[in-house]
Amino acid sequence: MSFLDQLISNTVRSDVRAVNSYQVADASGYIKLDAMENPYPLPPQLREELGARLAGVALNRYPPSYASLQAAICANLGVPAGYDVMLGNGSDELISILAMACARQEPGQRAVLLAPVPAFVMYARSAQFAGMDFVGVPLQADFSLDMPAMLAAIEQHRPALVFLAYPNNPTGNLFASADIERILAALGDTGIAVVDEAYEPFAQRSFMGRLPEFENLVVMRTVSKLGLAGIRLGYMSAAPALLAQFEKVRPPYNVNVLTQAAAEFALEHLDVLNAQADLLNSARDALALRLAELPGVTVFPSKANFLLIRVADSDDVCAKLLARRVLIKNMSKMHAALANCLRISVSTPEENSLFYDAFKASLV
């Protein structure tokens, strides 16, 4: 073994050495339908105005307090009166902060992060890196919550955190609100339920306004799916005393000045972004109908900006689409429930049409 290999073995945790890093492939020259992005840029006039706004940002200074951006989010995005938000470098950082804050290390017992599976991969990864145990509870065949199994797991493991993506990624469906209420009640004062509303602009359903009802509830969102994935901004809200505890774990200056300025500008033009979300919702429903008409294709209901479908051979279809320079996500190896499943981001009418033609040709 070389010196460097021995050094890594002696210093880096074995569980970290055993996993692969999160890879983002180069998509240059491809129709990119694998990352649930909003395909629409800001209109030219707004881009010019944003450029002027960003030109005035003090890049030579550390980011100031993000109080003005907090206030803008609270005023425009449905945060209840008397509640504040905490900001992160995307929702990924907020998930990590929650895990770090709740990773109690009692003698002989580690804290548990629980989530239905399949779910967003960062729940399990963040639990691992924070030193928590991850418990996944399989969804039912229709991707709804298996409530007897969820409640039994909560009773057995007493999780510090339960993550519920609403709508769920990668399945696209909304869990029943009554089921989420039952989970909150089952957790009581020993656990926190995190409702991850990354796709709220498309679902148009939210637990944000219900925060005052549940002191053990955190509602987390991102502006990525709204059309601002490039600025990396997530936010979450909870009972003020609870949010204050998570604030202690947040790194200083975690939201840079360009992100703050761009987000404040975007919130001044929220109507433009909401109109884009409406276009994508209509395009999603239209694409779902067309795909469902193809032989051998199952389309699952979605309230997000993507569709989950099942085909006879996902590996074969993905390879043929890749040859046609179309990128989608092959979910078949993520979980047994996703056998031969593909996830497709909904895009512009032009890209949706190109995808459909390439996909139809790939089925033969």
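Residues numbered from 1 in each chain as written. Predicted model: local features only at pLDDT ≥ 70, side-chain atom pairs only at ≥ 80, totals over all residues. Heavy atoms only, no water.

The strand order across the open sheet formed by 4 strands is β11-β12-β15-β14, and the pairing between neighbours is antiparallel. The two strands at the open ends of the sheet, each matched to only one other strand, are β11 (298–299) and β14 (329–330). Here strand β12 (residues 306–310) runs beside strand β15 (residues 341–345); their pairing, made up of 5 bridges, is antiparallel. Each residue of the ladder has a partner; that of Phe306, found in β15, is Ser345. Here helix α13 (residues 270–292) sits on the sheet and contacts β11 and β12; the angle it forms with β12, its principal contact strand, is near 10°. (Pairing = 2+ DSSP bridges. Helix = DSSP H or I, 4+ residues; strand = E, 2+ residues; numbered from the N terminus. Contact = heavy atoms within 4.5 Å. Axes fitted to C-alpha atoms, helices over the stretch in contact; angles between N-to-C directions.)

Taken together, the 6 bridges between strand β5 (residues 112–117) and strand β6 (residues 133–138) define a ladder with parallel strand orientation. Across the sheet, Pro116 pairs through a bridge with Val137, a residue of β6. As for the winding sense of the linkage, the β-α-β connection from β5 through helix α6 (residues 121–130) to β6 is right-handed. (Right-handed = clockwise from strand over helix to strand, strands pointing away.)

With domains assigned, the protein chain is organised as domain 1 (19–42 + 271–361) and domain 2 (60–268). The C-alpha centroid of domain 2 is placed 25 Å from the C-alpha centroid of domain 1. The interface of domain 1 with domain 2 comprises 30 residues on the first partner and 28 residues on the second. Buried surface at the junction of domain 1 and domain 2, both sides included, amounts to about 2300 Å², of which 66% is carbon and sulfur. For the pair domain 1 and domain 2, the number of links is 0 salt bridges. Residues of the side of domain 1 that touches domain 2, tallied by class, amount to 17 nonpolar, 9 polar and 4 charged. (Domains from an automatic or database assignment. Buried area = accessible area lost by both parts, 1.4 Å probe. Salt bridge = Lys/Arg side-chain N within 4 Å of Asp/Glu carboxyl O. Nonpolar A, V, L, I, M, F, W, Y, C, P; charged D, E, K, R; others polar.)

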